[in-house]
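Listed below are the residues making up each chain.
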Amino acid sequence: MSDSLQRFLHKRLETVREAGLWRRLRTLDGPQKPEQIIDGQRVVAFCSNDYLGLAADPAVSAAAREALDAYATGAGAAHLINGHTRAHAELEQALARFTGRERALVFSTGYMANLALVQTLVGRHDTVFEDRWNHASLIDAVRLSGARSQRYRHADPEHLRQRLERAPANGHRLIVTDGVFSMDGDIAPLPQLAALAREFDAWLMVDDAHGFTVLGETGGGSCQHFGLDAGDVPILMGTLGKGFGTAGAFVAGSEALIETLIQTARPYIYTTAMPAALAAATLASVRIAEAAGDRRDHLRALIRRLGAGLDALGLPHPPPDTPIQPVILGDAARATAIAERLRQAGFLVPAIRPPTVPEGQARLRITLSAVHSEAQVNALLNALERALHASPGG
Ligand SMILES: *Cc1c(COP(=O)(O)O)cnc(C)c1O
């Protein structure tokens, strides 16, 4: 390898290490379930986004296996060439119905769906209004679009109003928000955002990666939670790798929105379709998620149990509305130490540190799943209590 390249890479790595931001891959053996073996250690994991427990659901796996027999493995080409199978078409119809939108379009990842959407909707002369804590893929999508970016304070419609009032008059306006914030677990104030969008003729786009399957009567996400429809939220995006338990993403909206993506979105056109077996597995998981009232009830009970336990430990946490329940500890070193003690006790809970979250807001990000048991949540709370007391400065 060239010397200058080696020097460059070593220097980059040194910077990361010195900043205390080194990240380490852990290797999982076996399926994504709460009880798992990671780096050879048996743990109970409280960090996956598999909120309904569909990632290892036998019915979803069976659908994948059956589709593997029918379609084999590779997609072979992009959707617009010959990679678009009947399994993809059926999944898109199911997602349109699930979201109550005219049409849906499947993408290989949520990151790409966001790049595609934002680039399709805005360019250099337009303005995007973004919640300051939006997901990294949304922030990158806005950067790549070349549009002007106006960040408003987290979940603060009043600040958004000020931004809208002062925005340049030319160009289109796009408001972009997570439906459920991935690091904070709170729900965006969508009714207020929708009202502002209407008032200022802005387009509202919601990335509901963490809302779908969890919120709403049939898992329809944050829009269903608030009773908002396509008139309120015309641009809706979701991922398939979280509550749906598989992988990929989708956009749901009007016929014209979807057709425009198909015709013009480079991250849609120039990428290979997801394998058909994955689409078929996801179709099974959409059907299960829609009817999974019992799983959502159990999940809600676990969230309440965890919340009560955190209250008893004097730890602040968001309202028990979503399965993302971060425990803010402040100091990055303390968060890391407590996560490490939990790991030694057999619980996998990641410490999330800056720059993923703002300075001074390092946290444990606990996520719950409908396949956790109440006993596992109680055991986590006990271990957390011990870890807090064992930690210097705790
Ligand atoms: C995970 C996530 C994405 C990215 O989706 P992938 O399918 O994992 O690429 C986008 N937005 C939000 C809010 C997410 O949490």
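This structure is a prediction, so every number in the text was calculated from the model and none was measured.

Novice: What is the right way to read the overall build of the protein chain from this model?
Specialist: Scanning the protein chain from terminus to terminus reveals 15 helices and 14 strands. Since a compact globule built from 394 residues should have a radius of gyration of about 21 Å, the 21 Å found for the protein chain is in line with a globular shape. Along the first, second and third principal axes, the C-alpha atoms of the protein chain reach 60 × 55 × 55 Å. When the 394 residues of the protein chain are sorted by exposure, 50% land in the buried category. The contacts in the protein chain between residues at least 6 apart in sequence include a share of 70% that link residues at least 24 apart. Carbon and sulfur atoms make up 52% of the accessible area of the protein chain, which totals about 17,700 Å². For the protein chain, the separation between the mean place of its 40 positive charges and that of its 42 negative charges on side chains is 5 Å.

Novice: Got a minute to help me understand the nonpolar core in this structure?
Specialist: Side chains of a nonpolar character, in soluble globular proteins, are inclined to be buried together. If you look at the biggest cluster of nonpolar residues, it comprises 82 residues, and the most contacted ones within it are Phe46, Leu95, Ile175, Phe244, Leu342 and Leu364. At 8 residues, helix 12 (residues 276-290) tops the list of elements feeding residues into this core. Among the domains, domain 1 (22-52 + 293-390) and domain 2 (58-290) are the pair contributing at least three residues each to this core. Sequence-distant contacts of phenylalanine 46, defined by excluding residues within four places in its chain, comprise Phe347, Leu348, Val349, Pro350, Arg365, Ile366, Thr367, Leu368, His372, Gln376, Val377 and Leu380. Formed by 27 residues, the second largest nonpolar core is a distinct cluster that contains Leu115, Val122, Met205 and Leu261.

Novice: What exactly am I supposed to notice about the site of the ligand here?
Specialist: Taken together, 13 residues are adjacent to the ligand, and Gly110, Tyr111, Asp207, His210 and Lys242 come closest. In this structure, a nitrogen atom belonging to the ligand sits 2.5 Å away from a side-chain N or O atom of aspartate 207. Computed on the free molecule, the ligand has an accessible area of 380 Å², of which 82% lies beneath the protein chains in the complex.

Novice: Help me understand the sheet that holds strand 9 (residues 235-239) in this model?
Specialist: Strand-to-strand pairing in sheets goes through backbone hydrogen bonds, with the strands running parallel or antiparallel. Strand order in the open sheet formed by 7 strands is 4-10-9-8-7-5-6, and the pairing between neighbours is mixed. Sheet topology places strand 4 (103-107) and strand 6 (148-152) at the edges, where each strand pairs with a single neighbour. Mean inter-strand twist for the sheet, computed between neighbouring axes without regard to direction, equals 20 degrees. Here strand 4 runs beside strand 10 (residues 249-253); their pairing, made up of 5 bridges, is antiparallel.

Novice: How do you make sense of helix 6 (residues 136-145) when you look at a structure like this?
Specialist: Counting along an α-helix, one turn takes 3.6 residues, and residues three or four places apart therefore face a common direction. Among the residues of helix 6, Ser137, Leu138, Ile139, Ala141, Val142 and Ser145 are the ones counted as buried. Where helix 6 is buried, its residues contact helix 5 (110-121), strand 5 (127-131), strand 6, strand 7 (173-178) and strand 8 (203-207). Looking at the residues trailing helix 6, positive phi occurs at glycine 146, about 80 degrees.

Novice: Is there a simple way to explain the sheet that holds strand 1 (residues 28-29) in this structure?
Specialist: The sheet built from 4 strands is open, its strands ordered 1-2-3-12 with mixed pairing. The two strands at the open ends of the sheet, each matched to only one other strand, are strand 1 and strand 12 (347-348). By the bridge criterion, 2 bridges tie strand 3 (residues 41-45) to strand 12 in an arrangement that is parallel. In the strand pairing of strand 12, valine 44 is matched with phenylalanine 347.

Novice: Just to check I follow, could you spell out the UniProt feature "modified residue: N6-(pyridoxal phosphate)lysine" (unreviewed entry) in the protein chain for this structure?
Specialist: The positions UniProt marks with the feature "modified residue: N6-(pyridoxal phosphate)lysine" (unreviewed entry) are Lys242. Aside from chain neighbours lying at most four places away, what touches lysine 242 is Asn49, Asp50, Tyr51, Ala209 and His210.

Novice: Honestly, the UniProt feature "domain: Aminotransferase class I/classII large" (unreviewed entry) in the protein chain in this entry has me stumped. Any pointers?
Specialist: In this numbering, the UniProt entry assigns the feature "domain: Aminotransferase class I/classII large" (unreviewed entry) to residues 43-384. In residues 43-384, helix accounts for 45% and strand for 16%; the two terminal C-alpha atoms are 14 Å from one another.

Novice: Would you take a moment to explain the packing of helix 4 (residues 86-99) against helix 12 for this structure?
Specialist: Running from amino to carboxyl end, helix 4 crosses helix 12 at an angle of 25 degrees, the nearest separation of the two axes being 8 Å. Considering the angle they form, helix 4 stands roughly parallel to helix 12. Read as a crossing pair, helix 4 and helix 12 show a hand that is left-handed. Counting all contacts with helix 4, which are made through Ala87, His88, Glu90, Leu91, Ala94, Leu95, Arg97 and Phe98, the residues of helix 12 involved are Ala276, Ala279, Ala280, Thr282, Leu283, Val286 and Glu290. Residues that form the contact of helix 4 with helix 12 fall into these classes: 10 nonpolar, 2 polar and 3 charged.

Novice: How should the pairing of strand 2 (residues 35-38) be read in this particular structure?
Specialist: Remark: a regular strand shows side chains that alternate across the two faces of the sheet. In strand 2, alternate side chains face the same way, and those of Gln36 and Ile38 are buried while those of Glu35 and Ile37 on the opposite face are not. Relative to strand 2, strand 1 runs antiparallel, the two sharing 2 bridges. By the bridge assignment, aspartate 29 is partnered in strand 2 with isoleucine 37. Two strands pair when backbone bridges link them, and strand 2 and strand 3 are joined in this way by 4 bridges, in the antiparallel orientation. Residue pairing in the sheet places glutamate 35 in a bridge with valine 44 of strand 3. Between strand 2 and strand 3, which pair antiparallel one after the other, the connecting turn spans 2 residues, and aspartate 39 there sits at a positive phi close to 50 degrees.

Novice: Would you mind going over the pattern of salt bridges with me for this structure?
Specialist: If charged atoms from side chains of opposite charge come close, those side chains can pair. Applying the stated rule across the entire model yields 15 salt bridges. For the salt bridge of arginine 295 with aspartate 57, the shortest nitrogen-to-oxygen distance reads 2.8 Å. Here aspartate 57 lies in the loop between strand 3 and helix 2 (58-71) and arginine 295 lies in helix 13 (residues 293-312), a separation of 238 residues in the sequence. On the accessibility criterion, arginine 295 (22% relative accessible area) is partly exposed. Note that arginine 161 is salt-bridged to glutamate 158, the shortest N-O span being 4.0 Å. Of this pair, arginine 161 and glutamate 158 both sit in helix 7 (residues 157-166), 3 residues apart, roughly one helical turn. Here arginine 161 falls in the partly exposed class, since its relative accessible area comes to 22%. Sharing partners across several salt bridges, the network here consists of Glu158, Arg161, Glu165 and Glu199.

Analysis parameters
- Throughout, a residue's number is its position along its own chain's written sequence, starting from 1.
- With the structure being a predicted model, the display of local features is reserved for residues of pLDDT at least 70 and the display and counting of side-chain atom pairs for 80 or more, all residues being used for whole-chain, interface and lining totals.
- Heavy atoms from the whole structure form the basis of all side-chain values; hydrogens and water molecules are not counted.
- Starting at the N terminus, helices and strands are each numbered in turn, a helix being any DSSP run of H or I of at least four residues and a strand any DSSP run of E of at least two.
- The quantity called the radius of gyration is restricted to C-alpha atoms. Its globule counterpart is 2.2 Å times the number of residues to the power 0.38.
- Burial classes follow relative accessibility: with a 1.4 Å probe on protein chains only, a residue under 20% of its type's maximum area counts as buried, one over 50% as exposed, and anything between as partly exposed.
- Only heavy atoms enter the contact rule, under which two residues are in contact if any of them lie within 4.5 Å.
- Only the protein chains shown count as cover for residues, and the accessible areas themselves come from Shrake-Rupley with a 1.4 Å probe.
- His residues and chain termini do not enter the charge count, which takes Lys and Arg as positive and Asp and Glu as negative.
- The atoms used to mark charge sites are NZ of Lys, CZ of Arg, CG of Asp and CD of Glu.
- Among buried residues, those of type Ala, Val, Leu, Ile, Met, Phe, Trp, Tyr and Cys that are joined through side-chain atoms within 4.5 Å constitute a nonpolar core.
- For every domain, the bounds stem from an assignment made automatically or drawn from a database.
- One heavy atom within 4 Å of a molecule or strand is enough for the residue carrying it to be called near that molecule or strand.
- Counting of polar contacts relies on pairs of N or O atoms within 3.5 Å, with two restrictions inside protein: one atom must be capable of donating a hydrogen and the other of accepting it, and residues adjacent in sequence are counted only when both atoms are side-chain atoms.
- Strand pairing is assigned whenever DSSP identifies at least 2 bridges connecting the two strands.
- Only the stretch in contact is used when fitting a helix axis, every axis being a line fitted to C-alpha atoms; angles between N-to-C directions are given from 0 to 180 degrees.
- UniProt positions are given in the numbering used here, feature names are shortened, and annotations may be inferred rather than shown by experiment.
- Reported orientations rely on four angle classes, namely roughly parallel under 35 degrees, roughly antiparallel over 145, roughly perpendicular from 65 to 115, and oblique for the rest.
- When the near helix sits turned anticlockwise from the far one by under a right angle, the crossing is termed left-handed; a clockwise turn instead gives a right-handed crossing.
- When residues are grouped by polarity, Ala, Val, Leu, Ile, Met, Phe, Trp, Tyr, Cys and Pro land in nonpolar, Asp, Glu, Lys and Arg in charged, and all others, Gly among them, in polar.
- By definition, a salt bridge exists where a carboxyl oxygen of Asp or Glu is found within 4 Å of a side-chain nitrogen of Lys or Arg.

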